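# Overview (structure and organization)
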Amino acid sequence: MKTALKWVACMILCGVLLTLGVFSDAPAGDNVSDSPEQSARPGYTETVRYIEPAKGAFQIHDQQDARFGLQFNVEAETPVEYRLRYSLDGTDYIETTFRLGSCKDKTLYFPIPVKKGRYDMHIQVTDQARVVYDQTHTLVYMDDYTEQYMDAFTKWGLCTHMDRAYYSSEDFALIEKAGVQYVRESPEWQYIEKIPSVFDYKPSYAWYIDELNLRNIKILPVAAYNNTKYCDKGDTRGGQIGLYNQKQREKYVDFTYSLMDTYQTHNSIEMWNEPNIQTFWRPEPDVVNYSKLIKTVYPKIKEKNWDETAFGCSTAGTDINFMKDVLELGGYPYMDGISFHPYVWPGRPDNKGASVNNIDRVKALILEYGGWKKMSVTEVGWPVSAGQISYAQQAQNVVKQLAVTDAGGVDSTYLYDYKDDGDDPNYTEHHFGLVDYDRTPKQALIALTEMLRLLGGAVPHGRVDLGLGDESYAYLYAKEKQPVIMAWMAEGQAEYAFGPDAVVFDMYGNRMDCKEAVTLTQQPVYIQCLSLIHI
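Structure report, in brief.

Calculation notes
- Residues numbered from 1 in each chain as written.
- Predicted model: local features only at pLDDT ≥ 70, side-chain atom pairs only at ≥ 80, totals over all residues.
- Heavy atoms only, no water.
- Helix = DSSP H or I, 4+ residues; strand = E, 2+ residues; numbered from the N terminus.
- Buried < 20%, exposed > 50% of the residue type's maximum accessible area, 1.4 Å probe, protein only.
- Contact = heavy atoms within 4.5 Å.
- Areas by Shrake-Rupley, 256 points an atom, 1.4 Å probe, with all protein chains shown as cover.
- 1 Å grid on protein atoms, 1.4 Å probe; cavity = no way out; pocket = protein on both sides within 12 Å on 5 of 7 lines; lining within 4 Å.
- Points joined across faces, edges and corners; volume = space filled by probe spheres on them.
- Nonpolar A, V, L, I, M, F, W, Y, C, P; charged D, E, K, R; others polar.
- Pairing = 2+ DSSP bridges.
- Axes fitted to C-alpha atoms, helices over the stretch in contact; angles between N-to-C directions.
- Right-handed = clockwise from strand over helix to strand, strands pointing away.
- Parallel < 35°, antiparallel > 145°, perpendicular 65-115°, else oblique.
- Left-handed = near helix turned anticlockwise from the far one by under 90°.

What follows deals with the overall build of the protein chain. When helices and strands are counted, the protein chain shows 10 helices and 24 strands. When each of the 535 residues of the protein chain is scored for burial, the buried share is 57%. Considering only residue pairs separated by 6 or more positions, the protein chain has 69% of its internal contacts joining residues 24 or more positions apart. Total accessible area computed for the protein chain in this model is approximately 23500 Å², and 50% of it derives from carbon and sulfur atoms.

On to the environment of Cys103, then. If you trace the backbone, Cys103 turns up in strand 7 (residues 103–111). The spatial distance from the C-alpha of Cys103 to the C-alpha of Glu46 is 9.5 Å, given a sequence separation of 57 residues. With sequence-adjacent residues up to four places away left out, Cys103 is seen in contact with Phe72, Asn73 and Val74.

If you roll a probe as big as a water molecule over the atoms, it shows you where there is empty space left. A volume near 560 Å³ is recorded for the second largest pocket. Forming the boundary of the second largest pocket are 24 residues, of which His161, Arg164, Phe280, Glu379 and Tyr416 lie nearest the centre. Its residues assigned to classes, the lining of the second largest pocket shows 9 nonpolar, 6 polar and 9 charged.

Right, let's talk about the sheet that holds strand 11 (residues 182–185) for a bit. Around the barrel, which closes on itself, the 8 strands sit in the order 10-11-12-13-14-15-16-17 with parallel pairing between neighbours. Across the sheet, the mean angle separating the axes of adjacent strands is 25 degrees when strand polarity is ignored. Inspection of the sheet shows strand 13 (residues 268–271) paired to strand 14 (residues 309–316) by 3 bridges, in the parallel sense. Bridge pairing in strand 14 links Ile269 to Ala310.

This brings us to the pairing of strand 13. Residues Ser268 and Glu270 of strand 13 are buried on one face, and the alternating residues Ile269 and Met271, pointing to the opposite face, are buried as well. With 2 bridges connecting them, strand 12 (residues 218–223) and strand 13 associate as parallel partners. Looking at strand 13, one finds that Ala223 is bridged to Met271. Note on the crossover from strand 13 through helix 6 (residues 287–304) to strand 14: the handedness is right-handed.

One can describe the packing of helix 8 (residues 354–368) onto helix 9 (residues 391–407) by two numbers: an axis separation of 10 Å at closest approach and a directional angle of 30 degrees. The orientation of helix 8 with respect to helix 9, classified from their angle, is roughly parallel. Here the hand of the crossing between helix 8 and helix 9 comes out right-handed. Residues Ser355, Val356 and Ile359 of helix 8 touch helix 9, and the partners they reach there are Gln401, Val404 and Thr405. For the contact of helix 8 with helix 9, a count of residues per class yields 3 nonpolar, 3 polar and no charged.

By themselves, these figures tell us nothing about what the structure is for.
Here it is, written out as structure tokens:
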């Protein structure tokens, strides 16, 4: 009821502000979209253009900026009365009218009653029964992240492909604004050492190394693959061919040293990527030769920097058999931790405990061989795809996954990936990104930023029972010594009652109008200011 009243109030406010002349002339600036529409009414000439919300192209970073503009160029014998209708995601339309005579670059701004999130905003302008403007625009409202005490210990990162042409410094700016302090990147050996013993990171890699240093974003570099310079003569299978002799392994050590020297903001390294599948270890996976590789490179890593954390296995999926074979072949002392990629899509992290089971199996394997090894999920993600996973479901899945891995004792989790790798609607691999190919944030990036804001620097204490049955998931954190619960239902819904002083936020960081109880659904919520008696 209150939400409806707020919406009605905003509609009234629009009309009042227009009447008072609050929507004033303004320069078009750089935010005017190049999509004018002209009328065909005899005796009149009109051009209408959409102006993005102030200070952010398609983004809003503050509630005061929650407005959009329409720029008019009109030649009319007499003033024209226009009717404006606009709506977010098909909700109730806001409607208002205004009159314009002949004018040039006349800009009117209109308030948007928006909470943090991503929306499709439909705008229609009519002159009597004639449509003057009718378009839909993507609108994103997300706050810039503010650094918090101890948040650098919250190791939630993003996988990136910064060496590719569709990345720029603007991507690092957005990563920083989102509060992400960790990225995982796979610089490929064959593109860096093109001349024997000369490691050249220009131009593909050097630019983003500067960005890392400038923004103090920490990187997990993957010492990626072979170099055709050191393969058998005539071997043209590319850098992903496995390492099969000691000379190659020793040269791989030199490449690894180069990564350690070049990436100043790193303190961990990953020894290969997905050697358990043919795509990345050709002609076929070879656990014996992979084990020989880590036995060669790991001692050299520790010799160079004892504090370096070196992860091994890095399996596609949770390949327990491959991990076990590496350990059986004596690989246990030659890694500081096991990394793996526990993809479950199109399933969910809470689908019959899939993600929990994956982590528990790796943890049990480590304990079987003596314990004292870290776990790192260096890839996991969900592609947005028609008929399978929506933008909202992707957002739910990534934040749920982070809570699950935290509770399982995972050292760090890297979401795959930061940005869509293309815009082919039929190619799933193009759509894992937390932002679109054109850098428009998806709901998942907003949800990640708000999870960092609400739980960054917090200490995870694992899953707790709210007494709502097996379909309920709740994870307890201590943030600055105060309890915070992240909770949701895998299926159905249930009401969770708490004390009168609790504060509840939705997945996108919007404060919810809850008093002493909240209805849990598939969308996670955060509950603060709880007394221990309610946990």
